[in-house]
Amino acid sequence: TQLLEQSPQFLSIQEGENLTVYCNSSSVFSSLQWYRQEPGEGPVLLVTVVTGGEVKKLKRLTFQFGDARKDSSLHITAAQTGDTGLYLCAGGGADGLTFGKGTHLIIQP
Amino acid sequence: DAGVIQSPRHEVTEMGQEVTLRCKPISGHDYLFWYRQTMMRGLELLIYFNNNVPIDDSGMPEDRFSAKMPNASFSTLKIQPSEPRDSAVYFCASSPSPGLLYEQYFGPGTRLTVT
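Residues numbered from 1 in each chain as written. Chains lettered and ligands numbered in written order. Predicted model: local features only at pLDDT ≥ 70, side-chain atom pairs only at ≥ 80, totals over all residues. Heavy atoms only, no water.

Asks: Help me understand the overall build of chain B, please; the structure alone is not making it clear to me.
Replies: When its secondary structure is counted, chain B shows 0 helices and 11 strands. Reading chain B from its N terminus to its C terminus gives the helix and strand order β-β-β-β-β-β-β-β-β-β-β. Expected size for 115 residues packed as a compact globule is a radius of gyration near 13 Å; at 13 Å, chain B falls within 12% of this value. Expressed along its principal axes, the backbone C-alpha trace of chain B runs to roughly 40 × 30 × 30 Å. Partitioning the contacts of chain B with sequence separation of at least 6, the portion at a separation of at least 24 is 54%. By element, 51% of the accessible surface of chain B is carried by carbon and sulfur atoms, the whole surface being about 5800 Å². For chain B, the distance from the average site of its 10 positive side-chain charges to the average site of its 13 negative ones is 4 Å. (Helix = DSSP H or I, 4+ residues; strand = E, 2+ residues; numbered from the N terminus. Rg over C-alpha atoms; globule rule 2.2 N^0.38 Å. Contact = heavy atoms within 4.5 Å. Areas by Shrake-Rupley, 256 points an atom, 1.4 Å probe, with all protein chains shown as cover. Lys, Arg positive; Asp, Glu negative; His and termini not counted. Charge placed at Lys NZ, Arg CZ, Asp CG, Glu CD.)

Laid out in structure tokens, this is it:
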């Protein structure tokens, strides 16, 4: 069974600060996705990375896939209150899609 | 284009009652997934379908849970009889033929409370 561990589990920072959250596994994934989930809603796909070492940017969000395709990071620059939510990573492989338990992010004004 | 539609959004029922959750996937998506989300266990895959056929139901917790997909635009997840430990948010998601990407599109979820 492929497992994804996300850290930190909870993070609360002030608006304007930068942050990085992590997604780690001992397994290799063919692709890795990041989702954001807001209270009362379903997860929404932010990005998919497929190549080891790949970096994708989505406005203030930067996603990186590890060289060995076992881990990923999400960096947010100048966080805004609208970034508040649960950030989930999910790895694609032979077992289908495996989700981590997520990082609960709170951006305080 | 409408996203994944789930109904009801909230369901409160008493232990022992039958519960049916409904899902309409995005048109043209070949895959449909049912998940359960709790604080303790996170997002758990219960079952998924490809072209209306159940492919993997190993995540279905026990025989009280069943899922059907009679056609490409409709699926149900049934719990009979329901128990308090079934209380969770249930999500339906759909995906085009995934290849290596497995990108999924989630509905808004059904929050189930069993008292």
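Asks: Just checking my understanding: could you explain unusual backbone geometry for this structure?
Replies: Only a minority of non-glycine residues have a phi that is not negative, and only a minority of peptide bonds are not trans. Here S7 of chain A and P8 of chain A are connected by a cis peptide whose omega angle stands at -10°. Tracing the backbone through its elements, the reader meets P8 of chain A in the loop between β1 (5-7) and β2 (10-14). Q80 of chain B connects to P81 of chain B through a cis peptide bond whose omega is -5°. When you line up the elements, P81 of chain B lands in the loop between β8 (74-79) and β9 (88-95). Residue A78 of chain A is not a glycine yet carries a positive backbone phi of 50°.

Asks: Teacher, can you tell me more about the sheet that holds strand β1 (residues 5-7) of chain B here?
Replies: By way of backbone hydrogen bonds, the strands of a sheet pair with one another, either parallel or antiparallel. Residue and element names in this part refer to chain B. Here 4 strands make up an open sheet; going across it, the order is β1-β3-β8-β7 and the pairing antiparallel. Since the sheet does not close on itself, it has two edges, and those belong to β1 and β7 (65-71), each with one partner. Strand-to-strand, the axes of this sheet are offset by a mean angle of 15°, without reference to chain direction. Bridge count between strand β3 (residues 19-24) and β8: 5 bridges; the pairing is antiparallel. Along β8, the bridge assignment pairs L21 with L77. (Pairing = 2+ DSSP bridges. Axes fitted to C-alpha atoms, helices over the stretch in contact; angles between N-to-C directions.)

Asks: Would you mind going over the packing of aromatic side chains with me for this structure?
Replies: We describe a pair of aromatic rings using the distance from one ring centre to the other and the angle between the two ring planes. As enumerated under the stated definition, the model contains 11 aromatic pairs over all chains in all. When the centroid spacing of 5.8 Å and the interplanar angle of 85° are considered together, the rings of Y35 of chain A and F106 of chain B count as edge-to-face. Taken as a pair, Y35 of chain A in strand β4 (residues 31-37) and F106 of chain B in strand β10 (residues 105-106) lie in two separate chains rather than in one. Like F106 of chain B, Y35 of chain A is buried. (Phe/Tyr/Trp six-rings, centres within 6.5 Å; stacked < 30°, edge-to-face > 60°. Buried < 20%, exposed > 50% of the residue type's maximum accessible area, 1.4 Å probe, protein only.)

Asks: Would you take a moment to explain the sheet that holds strand β3 (residues 19-24) of chain A for this structure?
Replies: Residues and elements named next belong to chain A. If you trace the 5 strands from one edge of the open sheet to the other, you get β1-β3-β8-β7-β6, paired in antiparallel fashion. Unpaired on one side and paired on the other, β1 and β6 (55-58) mark the two borders of the sheet. Going from strand to strand, the sheet's axes swing by 15° on average, the running direction of each strand aside. Bridge count for β3 against strand β8 (residues 71-76) is 6 bridges, and the pairing is antiparallel. Counted as the bridge partner of C23 is S72 from β8.

Asks: For this particular structure, what's the right way to read the pattern of salt bridges?
Replies: Residues and elements named next belong to chain A. What the rule picks out here adds up to 10 salt bridges over all chains. When the shortest N-O distance is used, the salt bridge between R60 and D83 registers 2.9 Å. Placement of R60 in the loop between β6 and β7 (61-65) and of D83 in the loop between β8 and β9 (85-93) is noted, with a sequence separation of 23 residues between them. Judged by relative accessible area, which is 24%, R60 ranks as partly exposed. (Salt bridge = Lys/Arg side-chain N within 4 Å of Asp/Glu carboxyl O.)

Asks: What is the right way to look at the pairing of strand β6 (residues 53-56) of chain B in this model?
Replies: Looking along a regular strand, one sees the side chains alternate between the two faces of the sheet. Residues and elements named next belong to chain B. Of the strand pairs in this sheet, strand β5 (residues 42-50) and β6 are connected by 3 bridges, and their pairing is antiparallel. Residue pairing for β6: F49 is matched across the bridge by P54. What sits between β5 and β6 in their antiparallel hairpin is a turn of 2 residues, with N51 showing a positive phi close to 50°.

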